[in-house]
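Secondary and tertiary structure notes
Chain by chain, the residues:
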Amino acid sequence: VIDATYVYFSSISGDIVGSVAKTGGVVKTLASAPAVHVAKRVRVNATHVYWANDDFGPGTVSRCPITGCTGSPTVLANPEDPTGLALDSAHVTWADSNSFVIKRKPLDGGPEALVASPSARPLAVATDPPFTFWIEDFTGSVYRTEPADGGSVFIGVSGTAGRVITTDKEYVYWGAAQDFGDPGHIARALRAGGPSELVGEAHGEPRGIFVDDQRVYWAAWATAADGGVVSGGVYSCDKAGCSVGSTDVATNVDHPSGVAVDDAAIYFGTKTGVMKVAR
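A short tour of the structure in this document, coming up. Every chain begins its residue count from 1, and numbering advances along the sequence as written. For a predicted model such as this one, the threshold for reporting local features is a pLDDT of at least 70, and the threshold for listing and counting side-chain atom pairs is 80 or more; totals across whole chains, interfaces and linings nevertheless cover every residue. To obtain the side-chain values, all non-hydrogen atoms of the structure were used and water was disregarded.

Turning next to the sheet that holds strand S15 (residues 151-157). Pairing between two strands requires that DSSP report at least two bridges joining them. Secondary structure counts use DSSP, requiring at least four H or I residues in a row for a helix and at least two E residues in a row for a strand, with both numbered from the N terminus. Taking strand neighbours across the sheet as the criterion, the 4 strands line up as S12-S13-S14-S15 in an open arrangement whose pairing is antiparallel. Across the chains shown, the open sheet's two edge strands, defined by having one partner strand only, are strand S12 (122-128) and S15. If you compare each strand with its neighbour and ignore which way they point, the axes differ by 25 degrees on average. Examined bridge by bridge, S12 and strand S13 (residues 131-136) share 6 bridges and lie antiparallel to one another. Residue pairing across strands places Ala-124 opposite Ile-135, the latter belonging to S13. The convention used is that axes are lines fitted to C-alpha atoms, helices contributing only their stretch in contact, and that angles between N-to-C directions extend from 0 to 180 degrees.

Next up, the structure:
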């Protein structure tokens, strides 16, 4: 994720949450092991960086100032397996995929509140108050909360393995894959629900998604039948669909994961570093 000056990222193998200037330079370690362990989700606001340690029992949702932790980070929650994380102006929200729940907490701490109890594993989550959106693993189904009655609204479905989700003011966008060798796809549906629309082929299993006013961007890698990675890349196309195919932002990328975009560049993580491509 990005702010006006920095890129924020997690390193799974290095067990750190770090930042680096958008222009490049020295990596600043904001938090490290044992407070960071298999951190797969990072989010940031004007004052703090938040992350989810996805660790099968229990994980943590933690935060520290964007300038770095002075001591131990603040642990906000201990979900079993937090595979999704989202921020809005008032709350941090996480999907606990092993416990089949979505919960949230005030940014500065306070009591946890149950947001939803999905019937299948919620893998990724996005928020835009008063709504929370999520995508399920194994089913590829997308839902949002219905605050008026505490229930949920079915948005759409595609594939059998939901991976990433985001939203704009009109649509929900998500990435899903199926079995080994499946090209995966990017889809969307109206936030109110309705027919799912195919945006384009994902070129593998989606591992990050971002939308701006005109385009949708995603990172994906293809997986062989033996589990090895065949290829990876970052792609984009018009939000209405890839009518003439997607644009290759970057190809032959080693395990691309996560993507963020500003007016100047497209940023993404790889197995060996944090990269950018001029927009």
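That shown, we press on.
Of the strand pairs in this sheet, strand S14 (residues 141-146) and S15 are connected by 6 bridges, and their pairing is antiparallel. Across the sheet, the residue bridging to Ser-141 is Val-157, located in S15. Linking two consecutive strands that pair antiparallel, namely S14 and S15, is a turn of 4 residues; a positive phi of about 80 degrees is found at Gly-150 within it.

Turning next to the environment of His-91. For His-91, the position within the fold is in strand S9 (residues 91-96). Sequence-wise, His-91 and Asp-108 are 17 residues apart; in three dimensions their C-alpha atoms are separated by 8.4 Å. Dropping the residues within four chain positions of it, His-91 is found in contact with Ala-86, Arg-104, Lys-105, Pro-106 and Leu-107. Contacts are residue-level and defined by heavy atoms, with any inter-residue pair within 4.5 Å sufficient.

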